[in-house]
Amino acid sequence: MRLFGVILAGGQGRRMGGADKALLRLAGVTLVARAVERLEPQVERLAISANGDAGRFGWLGLPVLADDEAKGPLSGVLAGMDWAAGLGARAVVTVAVDCPFFPGDLVPQLALAAERSAGGVALARSGGNDHPTFGLWPVGLRGALRDFLASGEKERVRTFADMQGAARADFADDGAFGNLNTPDDLARAEALLA
């Protein structure tokens, strides 16, 4: 199965004072570089989903995919699906840029879970909680996702996934999906790594 990876880095960082979270540093390394380091070994190709000046990620040497319409994370999922389909991939795995400790076996666990889904979709789950931005999405669902977004649904990743019969990949470490939304979150993560 050809799986490509997409780092969702399109958030506005409101609770971070409007900072571009992808470029924030944790122990001296940008969050986007940490995501690349964790996801790249697990997929065939990798891209970043982000709007604005793509040049700010030029140093990574990866494609930067802009949304057709900014309608939350699902717009980034769709941009990733369109990119991957054009290169012959079967599915994309998405991760959130502001979760620097996601599991090193994310992709194989999502792929195993997706085999139990009628639509081939899988979401990460830990501690009984879904982490919908960490998912596996078959590129064949592009039309369904485009229609879903056109219907006015926003920020409803789980809703769309469940409409496709999404399976869950369970992970034991709930902290692996902790996201850095505020300066305090970033400070706690710095302390963890110190």
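Parameters and conventions
Residues numbered from 1 in each chain as written. Predicted model: local features only at pLDDT ≥ 70, side-chain atom pairs only at ≥ 80, totals over all residues. Heavy atoms only, no water. Helix = DSSP H or I, 4+ residues; strand = E, 2+ residues; numbered from the N terminus. Rg over C-alpha atoms; globule rule 2.2 N^0.38 Å. Buried < 20%, exposed > 50% of the residue type's maximum accessible area, 1.4 Å probe, protein only. Polar contact = N/O pair within 3.5 Å; in protein donor to acceptor, adjacent residues only side chain to side chain. Contact = heavy atoms within 4.5 Å. Axes fitted to C-alpha atoms, helices over the stretch in contact; angles between N-to-C directions. Parallel < 35°, antiparallel > 145°, perpendicular 65-115°, else oblique. Left-handed = near helix turned anticlockwise from the far one by under 90°. Nonpolar A, V, L, I, M, F, W, Y, C, P; charged D, E, K, R; others polar. Arc of directions from axis to C-beta. Salt bridge = Lys/Arg side-chain N within 4 Å of Asp/Glu carboxyl O.

Q: Please give an account of the overall build of the protein that cites residues and values.
A: The secondary structure content of the protein amounts to 6 helices and 9 strands. For 194 residues, the compact-globule formula gives about 16 Å, and the C-alpha radius of gyration of the protein, at 15 Å, lands near that figure. Oriented by its inertia axes, the alpha-carbon framework of the protein measures out at about 45 × 35 × 30 Å. Out of the 194 residues belonging to the protein, those deemed buried represent 51%.

Q: Explain the side chain of Asp185 to me, using residue names and the numbers behind them.
A: Locating Asp185 in the fold gives a position in helix 6 (residues 183-193). Since its relative accessible area comes to 16%, Asp185 is described here as buried. Of the polar contacts made by the side chain of Asp185, one reaches the backbone nitrogen of Asn181; its length is 2.9 Å. Contact partners of Asp185, with chain neighbours within four places excluded, come to Asn179 and Leu180.

Q: How would you explain the packing of helix 2 (residues 73-86) against helix 4 (residues 142-150) if you had to name every residue and give the values?
A: Across the interface, helix 2 lies against helix 4 with an axial gap of 10 Å and an inter-helix angle of 150°. If you check the angle between helix 2 and helix 4, you find them roughly antiparallel. Once helix 2 is placed against helix 4, the crossing between them reads as left-handed. For the pair helix 2 and helix 4, contact is made by Leu74, Ser75, Val77, Leu78, Met81, Asp82 and Ala85 and by Arg142, Leu145, Arg146, Phe148 and Leu149, respectively. For the contact of helix 2 with helix 4, the class distribution of residues is 8 nonpolar, 1 polar and 3 charged.

Q: Talk me through helix 4; I want residue IDs and the actual numbers.
A: Turning to helix 4, its buried residues number three or more, namely Leu145, Phe148 and Leu149. Along the long axis of helix 4, the arc covered by the buried residues comes to 95°, so they all point the same way. Along helix 4, exposed side chains directed more than 90 degrees from the buried face belong to Asp147 and Ala150. Buried residues along helix 4 sit against helix 2 and helix 5 (157-163).

Q: Before we move on, could you go through the pattern of salt bridges and cite the residues and values that matter?
A: Taken as a whole and judged by the stated rule, the model has 10 salt bridges. Between Lys21 and Asp98 there is a salt bridge, with the nearest N and O atoms lying 2.6 Å from each other. Highlighted residues: Lys21 in the loop between strand 1 (3-8) and strand 2 (25-26) and Asp98 in the loop between strand 6 (91-96) and helix 3 (106-114), separated in sequence by 77 residues. The exposure class assigned to Asp98 is buried, which follows from its relative accessible area of 9%. The salt bridge partner of Arg188 is Asp185, with a shortest N-O separation of 2.6 Å. Note that Arg188 and Asp185 are positioned in helix 6 at a spacing of 3 residues, about one turn of the helix. Judged by its relative accessible area of 52%, Arg188 falls in the exposed class.

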